[in-house]
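# Architecture at a glance
For reference, the chains in residue letters:
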Amino acid sequence: MAQNKTAAPRFSEVVFRGKPKVVKAFLKGLMMGAGRDATVFYSFDEGIHHEGKTEKLKEMFGIRAVDCHVVVDSPGATYLKKMARQIAAETGLEITANRAIRSASMAFSYHAYAPRYSAEIKQLLKDLPKGLRLQGYRHDEKVDPSAKGVEAYSVAHDFEAEGSGTITGRVDLLVAVKRSFADYPLIKAEDIVLKTG
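Structure report, in brief. Keep in mind that what you see is a predicted model, and the values were worked out from it rather than measured.

Calculation rules
- Residues numbered from 1 in each chain as written.
- Predicted model: local features only at pLDDT ≥ 70, side-chain atom pairs only at ≥ 80, totals over all residues.
- Heavy atoms only, no water.
- Helix = DSSP H or I, 4+ residues; strand = E, 2+ residues; numbered from the N terminus.
- Expected span 1.5 Å × (residues − 1).
- Buried < 20%, exposed > 50% of the residue type's maximum accessible area, 1.4 Å probe, protein only.
- Arc of directions from axis to C-beta.
- Contact = heavy atoms within 4.5 Å.

### Topic: helix 1 (residues 20–33)
The terminal C-alpha atoms of helix 1, which comprises 14 residues, lie 20 Å apart, in line with the 20 Å expected from a rise of 1.5 Å per residue. Turning to helix 1, its buried residues number three or more, namely V23, F26, L27, L30 and M31. Along the axis of helix 1, the buried positions cluster into a sector of 120°, meaning they face one direction only. For helix 1, the exposed residues lying more than 90 degrees away from the buried face are K21, A25, K28, M32 and G33. On its buried face, helix 1 sits against strand 1 (11–17), strand 2 (40–42), strand 3 (67–73) and helix 4 (74–91).

### Examining the environment of L134
Tracing the backbone shows L134 in strand 5 (residues 132–143). In this structure the C-alpha to C-alpha distance between L134 and I167, which are 33 residues apart in sequence, comes to 4.6 Å.

### As for the environment of A176
Assignment of secondary structure puts A176 in helix 6 (residues 171–181). A176 gets classed as partly exposed once you look at its relative accessible area, which sits at 42%.

Pasting the structure below:
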C-alpha cells in the first residue's frame, strides 16, 4: 500500500526513564547510526508540559525515577517501539510510554501599550500556519487621550491592548509558534499541552 506523501505528519510522545541529557545524546546517536532523519522535540527544551509540580518534587528528592518526555514523528516512534527491548538491554534506558498525539494546545496572553505592538501581535495570530486554530480568542483595546505622557513612568497609558486565547492543532507547528512568540516579550505563552490516546 502506497503511503500518502501529502498527509500531515503525525507524532507520538515517548517517555524514557532516564536523565534528559543522557536520553538526548542517546537519541541523536541512535537516529544518526540508523540513518534516520527523525523529527524530535524534547519537552524540557520546547516548553511542552510533561508533569506536574508533585512529580518534579518527587524526582528532585529521589522518590521517583527521573524521566524524559520526547515528541517524536510517527516513523521514529515506531522505530523506538520496535527497538524498546534492545534499547533497555543495551543502555538501561527504559521506554515507559509511547502514545500517539491526537492534538496539542497552548494558552497565551499579551499586554501592549502601543498600537504598533498590538497590530504586530494581531497579525502574528492572523498568520497562523494551516493546521493550527485559534480558540477562545479575545482582544481588547482602550484608548485614553487624557493619559498621554511619558509612558515608562506613567501609571495610566493612553493606549492599552490585552488579549488571550488558545492555539490548538499539530504539535510541530505549535512548537514553531511558541518559538516565534519568544521574539515578542509582550506575549506570554504557557506550556504546550498534549492530548494523547
